[in-house]
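One-letter residues, chain by chain:
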Amino acid sequence: MDNNWHSSACILCENNCGIKVQLGGEQGREIVRIRGDEEHPASAGYLCQKASGLNHYQNGRDRITTPLKRQADGSFAPIPWDQACREIMDRFTAIRDQHGGDKIFYYGGGGQGNHLPGAFAVATRAILGSRYRSNALAQEKTGEFWVNAQMFGHQVRGDFEHCDVAFFIGKNPWQSHGVPRARAFLKDLHKDPKRHMIVVDPVLTETAKLADIHLRVRPGTDAWLLTALVAQLIQSGNLDDSWLQDHTEGLEQLREYFLGVDAVAYAAMAGISETQLAETLALLKSARGLAVFEDLGVQMNRHSSLNSYLEKLLWVLLGHFGVPGGQNIPAQLQNVAGSGRVSGATPVTQAPIISGLVPCNVIAEEILNDHPDRFRAILIEAANPVHSLAGSDHFRKALRSLDLTVVIDIAMTETASEADYVLPAATQYEKWEATFFNFELHANYFHLRKPLFAALGDSLPEAEIHARLIEASADAPVALVAKLKQVAESDGPQGVMEALLGEMGQDSSVARMASYLLYRSLGPLLPDNAREAAVLLPLALQFAGRESESLARAGYAGDPVSQALALFDAMTKQHSGVVFARDTEQDSWRRLGPDRPINLVIPPLLAELEGLSKGPETMTSSQYPFVLSAGERRDYSANTIYRGPEWRRKDRTGALRINPEDARSLGVQDNEQLRVTSEAGTAITCVQISDRMMPGHLSLPNGFGLDNANGERSGVAVNELTSPGHRDKFAGTPFHKSVAVRLERVES
Ligand SMILES: Nc1nc2c(c(=O)[nH]1)N[C@H]1C(S)=C(S)[C@@H](COP(=O)(O)OP(=O)(O)OC[C@H]3O[C@@H](n4cnc5c(=O)[nH]c(N)nc54)[C@H](O)[C@@H]3O)O[C@H]1N2
Ligand SMILES: Nc1nc2c(c(=O)[nH]1)N[C@H]1C(S)=C(S)[C@@H](COP(=O)(O)OP(=O)(O)OC[C@H]3O[C@@H](n4cnc5c(=O)[nH]c(N)nc54)[C@H](O)[C@@H]3O)O[C@H]1N2
Ligand code: SF4
Ligand SMILES: [Mo]
């Protein structure tokens, strides 16, 4: 490529904007310049300020380059790969044989930029008989998934590009994105007199400042506001009854729950006036296309599953499903959200498993007990749960009590440093990688990124790590690999898929090994040595089987098998991403099912709704008088993907934001320090006085407080302050956005 510019993507949030990078520096191993990739189907050249630091990820601190084994004295020693794989598999299989493979838990599998590790781990877990798993989705989105499954049978997505009213609830897209080109989008929306925005957030965020209506709800009381909106709407009596009759079921039953609600009183309990309630409803009713995005402000808060339900009732009652600018069901290459259904309960705490994921807030509890069915070993990959899950201390204790902890990461993280073995992964710019965050309706795209660098030291792509783990066990399907390899060499991708399907027909357990089998057989034959891409072939085939028409409109002609082969070929060769589905709103209706009405009634959530009449629960006490929003997205926060603070141009340690009145009563000035204490822990933080915050409300950013090699920390690790017991009663999602704390001056 000219001047050493290469195509890739930013890996810091779900948008995965296309980037062009110029490589240079020592041995060409640095990302020296970054610009937006104009050819990328969704981002079209857009980047936010965070992407310019990506070299801090690629060449970040704490990188590990060789397998590590914990020694008797607690330190780590480097060991060769074959020893690491053999010892790990010996210990895992011993646990499997003695206690059952279902005692081997799997956590992670991908983050904001990497979803392939999880696919390869399926094969390793099949060998081990590992049944239970989880990842970060089970601490934010499972409540919403569960609600969507019951209402639509699918996940839905707002069409912000075509909406005339955008509605953000507990979401600050100026900082967090989530809609393509978020800042440009918000600015355009703000300027356009025909389009409007409503924001529900206790904080005067950058997004709220651009809104037509900012509902500055009291922290943790969204359920009352949303109930008031739905009730007012139902009571106003001017719903489109014929649309609702045709497309929904349960309206009459639903009415019963809302007719008796005093909407004005409920809104008041959330801190919202009668006038604001009326203005909001008027704007919502006037919308031609109402696109809604609820996020962590409500999903990590009191009544989170109920909030998801109420939010969806609101726009369904207004008829915004399957219309331009409303909610739609996009085509899915791979469904990251899973089914949204409950598939049983966890072995010890009996928590519901939604979308196949154990609620993150119960994992430590599932381990720290003497129940015979407790988890006894864990494999953690591409995640930092000691830092990211509620109650870091508790989680650390749980890991220490296990018979075996193995972590696959690029860096020595807070989680890796608790492990028995740490396996070094190549970074996302040193291997083929991709995500399945593909949620656009009209032109949905997938982006397989080509490696920019060779893997550092002895680090390896996860595909290779899993292959080596499998091959270190006595159960590796050696003969089948050899057979498929021969087929791949003689008959190419189509031949190998046919052979694999034949094998699956005879032995259903082969399906779970598919990623590994394809990686070893077809992988080496792919152009540019794109071995990790072999796993995309069955996805392309399944997709073509389900969505042949969408694929045809995206330019892939022929029968489903030829379409799939052409798509697979394009995915591996087009390095700025490919459009794999072109749809209209009609496709949302088709996916919903022609005779399937939208279900309006979720009995357990309606029962919870009745409990709201008592008014919001008191969250604070004289001991803990403030409500802390623990984990805000800011200009320079990016989960824990960047480990060092050097990339931050401001707010290096992540200040505690506090209202001027509260600062005055505590006698604290900007940049001074305060001690923040919750029932779970305590931390020292510097202060930023800001009228963004309402009195009594505090915020600390997400992703700070990482430890460097000397054990020094920059900023507060928020989950030292959170407790796993504070969680939603249905989905088990945490209440991170309303943690009761007290503040004390630090005497220097
Ligand atoms: N800059 C940056 N961007 C990111 C990330 C990052 O770390 N940094 N992480 C990515 C990830 S993993 C995710 S999941 C998304 C999350 O994206 P968001 O959900 O948008 O992020 P947050 O800032 O955590 O929370 C959103 C808002 O909830 C508000 N809030 C707090 N309490 C309440 C309440 O009681 N009610 C309401 N209605 N709102 C409340 C906060 O004030 C905040 O403005 O961001 C992604 N993008
Ligand atoms: N209190 C509080 N806690 C929160 C939140 C909050 O708002 N408040 N937000 C939560 C949310 S929404 C999320 S999504 C989670 C995120 O938390 P996690 O899912 O734990 O993930 P990340 O912080 O994104 O860290 C990803 C890990 O992957 C590693 N990594 C990066 N690239 C690779 C790779 O190619 N291979 C491998 N194997 N590893 C790699 C990084 O070094 C890092 O350890 O945090 C959550 N925690
Ligand atoms: S919006 Fe910003 S952080 Fe997210 S992918 Fe794009 S450039 Fe990266
Ligand atoms: Mo997230």
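This structure is a prediction, so every number in the text was calculated from the model and none was measured.

1. Looking at the overall build of the protein
The helix and strand tally for the protein stands at 26 helices and 30 strands. Expected size for 748 residues packed as a compact globule is a radius of gyration near 27 Å; at 25 Å, the protein falls within 12% of this value. By its C-alpha atoms, the protein is 70 × 70 × 60 Å across when sized along the principal axes. Looking at the protein as a whole, 62% of its 748 residues qualify as buried.

2. A word on the packing of helix H19 (residues 478-506) against helix H21 (residues 536-546)
The interhelical angle for the contact between H19 and H21, taken along N-to-C directions, is 75°, at an axis separation of 11 Å. Taken together, the axes of H19 and H21 are roughly perpendicular relative to one another. Residues Pro493, Val496 and Met497 of H19 lie in contact with H21, whose contacting residues are Leu537, Pro538 and Leu541. Residue classes in the contact of H19 with H21 are distributed as 6 nonpolar, no polar and no charged.

3. Thoughts on the site of ligand 1
The local shell around ligand 1 holds 32 residues, among which Asp201, Gly220, Asp222, Ser637 and Lys737 are the closest. The backbone of Gly170 places a nitrogen or oxygen atom 3.4 Å from a nitrogen atom of ligand 1. Within the backbone of Leu296, an N or O atom sits 3.0 Å from an oxygen atom of ligand 1. Coverage of ligand 1 by the protein chains reaches 97% of its 900 Å² of free accessible surface. Secondary structure elements with two or more residues in the shell around ligand 1: helix H5 (173-176), helix H13 (296-299) and strand S23 (626-632).

4. Description of the site of ligand 3
For ligand 3, the full set of nearby residues is Cys10, Leu12, Cys13, Asn16, Cys17, Leu47, Cys48, Lys50, Ala51 and His177. Here the residues of the shell around ligand 3 sort into 7 nonpolar, 2 polar and 1 charged.

5. So, the side chain of Thr221
Here Thr221 lies in the loop between strand S11 (213-215) and helix H8 (222-236). Of the polar contacts made by the side chain of Thr221, one reaches the backbone oxygen of Arg218; its length is 2.6 Å. When neighbours within four sequence positions are excluded, Thr221 is seen to be in contact with Met269, Ala270 and Pro616.

6. Observations regarding helix H25 (residues 603-611)
Looking at H25, one finds that the buried residues are Leu605, Leu606, Glu608 and Leu609. When H25 is viewed along its axis, its buried side chains cluster within an angular range of 155° and face the same direction. Those residues of H25 that are exposed and aimed more than 90 degrees away from the buried face are Pro603 and Glu610. Those residues of H25 that are buried are in contact with helix H4 (142-151), H8, helix H10 (251-259) and helix H14 (304-317).

7. Describing the sheet that holds strand S10 (residues 196-200)
Here 4 strands make up an open sheet; going across it, the order is S11-S10-S9-S13 and the pairing parallel. The sheet is open, and its two borders are formed by S11 and strand S13 (290-294), each paired with just one other strand. Each strand axis lies, on average, 10° off the axis of its neighbour in the sheet, ignoring direction. Against the sheet, H8 makes contact with strand S9 (165-169), S10 and S11, and its axis sits at roughly 145° relative to S9, the strand it touches most. Lying on the sheet, H14 is in contact with S9 and S13; it crosses S13 at an angle near 175°.

8. Overview of the environment of Val199
Relative to the elements of secondary structure, Val199 occurs in strand S10. Sequence separation between Val199 and Lys209 is 10 residues; the distance between their C-alpha atoms is 9.1 Å. Beyond its immediate sequence surroundings of up to four residues, Val199 is in contact with Phe168, Thr207, Ala208, Ala211, Ile213, His214 and Leu215.

9. A short note on the domain arrangement of the protein
Domain assignment breaks the protein into domain 1 (6-58), domain 2 (143-332 + 599-610), domain 3 (477-576) and domain 4 (618-745). Taking only C-alpha atoms into account, the centre of domain 1 sits 30 Å from that of domain 4. Tallying the contact residues gives 10 residues for domain 1 and 9 residues for domain 4. Of the roughly 810 Å² buried between domain 1 and domain 4, counting both surfaces, carbon and sulfur atoms make up 61%. On the surface where domain 1 and domain 4 come into contact, there are 0 salt bridges. Summed over the shared surface of domain 1 and domain 4, the result is 4 residue pairs in polar contact (both at pLDDT 80 or more). Split by residue class, the side of domain 1 that touches domain 4 holds 5 nonpolar, 4 polar and 1 charged.

10. Notes on the sheet that holds strand S2 (residues 18-24)
The 3 strands lie next to each other as S1-S2-S3, forming an open sheet whose pairing is antiparallel. Sheet topology places strand S1 (5-9) and strand S3 (30-36) at the edges, where each strand pairs with a single neighbour. Taken over all neighbouring pairs, the strand axes of this sheet differ in orientation by 35° on average, direction set aside. Of the pairings in the sheet, the one linking S2 to S3 comprises 6 bridges and is antiparallel in character. Within S3, the residue paired with Val21 across the bridge is Ile34.

11. A short note on the nonpolar core
Membership of the largest hydrophobic core comes to 98 residues, with the highest contact counts inside it found for Phe92, Phe446 and Leu567. Residues in contact with Phe446, not counting those within four places in the same chain, are Leu333, Ala434, Thr435, Phe436, Asn438, Leu536, Met571, Gly577, Val578 and Phe580.

12. Quick word on helix H24 (residues 585-592)
Counted residue by residue, H24 has 6 buried out of 8 residues, so it is predominantly covered. Within the sequence span of H24, burial applies to Glu585, Asp587, Ser588, Trp589, Arg591 and Leu592. In this structure, the buried side of H24 is in contact with helix H9 (241-247), strand S14 (327-328), helix H22 (548-553) and strand S22 (598-599). Where H24 ends, the next residue or the one after it, Gly593, has phi of about 110°, a positive value.

13. Details of the pairing of strand S6 (residues 104-108)
Taken across its 5 residues, S6 has 5 buried, putting it largely inside the fold. As judged from the 5 bridges shared by S6 and strand S17 (residues 377-381), these two strands associate in the parallel manner. By the bridge assignment, Gly108 is partnered in S17 with Glu381. Sheet topology places S6 next to strand S7 (residues 133-134); 2 bridges connect them, and they run parallel. Opposite Tyr107, over in S7, you have Ser134 as the bridge partner. In the classification by handedness, the crossover that spans S6, the intervening helix H3 (residues 116-128) and the parallel S7 is right-handed.

14. Observations regarding unusual backbone geometry
A positive phi angle, near 60°, is found at His303, a position not held by glycine. Residue position: His303 is located in the loop between H13 and H14. Judged by its relative accessible area of 12%, His303 is buried. In the Ramachandran plot, Asn639 falls in the positive-phi region, its phi being about 45° despite a non-glycine side chain. Structurally, the position occupied by Asn639 is in the loop between S23 and strand S24 (656-658). Residue classification places Asn639 among the partly exposed positions, given a relative accessible area of 27%.

15. Concerning the packing of aromatic side chains
One pass over the full model with this rule turns up 17 aromatic pairs. A centroid spacing of 6.0 Å and a plane angle of 85° characterise the contact between Phe160 and Phe185, whose relative ring orientation is edge-to-face. In this pair, Phe160 sits in the loop between strand S8 (157-158) and S9 while Phe185 sits in helix H6 (residues 182-191), placing the two residues 25 residues apart along the sequence. Of the two residues examined, Phe160 and Phe185, each falls in the buried class. Judged by centre distance (5.3 Å) and plane angle (65°), the rings of Tyr636 and Trp647 are edge-to-face. Taken together, the residues Tyr636 in the loop between S23 and S24 and Trp647 in the loop between S23 and S24 connect sequence positions 11 residues apart. The pair Tyr636 / Trp647 is uniform in exposure class, with both members buried. A cation sits over an aromatic face here: Arg35 above Trp5, 4.4 Å from the ring centre.

What counts and what doesn't
- Residues numbered from 1 in each chain as written.
- Chains lettered and ligands numbered in written order.
- Predicted model: local features only at pLDDT ≥ 70, side-chain atom pairs only at ≥ 80, totals over all residues.
- Heavy atoms only, no water.
- Helix = DSSP H or I, 4+ residues; strand = E, 2+ residues; numbered from the N terminus.
- Rg over C-alpha atoms; globule rule 2.2 N^0.38 Å.
- Buried < 20%, exposed > 50% of the residue type's maximum accessible area, 1.4 Å probe, protein only.
- Axes fitted to C-alpha atoms, helices over the stretch in contact; angles between N-to-C directions.
- Parallel < 35°, antiparallel > 145°, perpendicular 65-115°, else oblique.
- Contact = heavy atoms within 4.5 Å.
- Nonpolar A, V, L, I, M, F, W, Y, C, P; charged D, E, K, R; others polar.
- Near = heavy atom within 4 Å.
- Polar contact = N/O pair within 3.5 Å; in protein donor to acceptor, adjacent residues only side chain to side chain.
- Areas by Shrake-Rupley, 256 points an atom, 1.4 Å probe, with all protein chains shown as cover.
- Arc of directions from axis to C-beta.
- Pairing = 2+ DSSP bridges.
- Domains from an automatic or database assignment.
- Buried area = accessible area lost by both parts, 1.4 Å probe.
- Salt bridge = Lys/Arg side-chain N within 4 Å of Asp/Glu carboxyl O.
- Core = buried A, V, L, I, M, F, W, Y, C linked by side-chain atoms within 4.5 Å.
- Right-handed = clockwise from strand over helix to strand, strands pointing away.
- Phe/Tyr/Trp six-rings, centres within 6.5 Å; stacked < 30°, edge-to-face > 60°.
- Lys NZ or Arg CZ within 6 Å of the ring centre and 35° of its normal.

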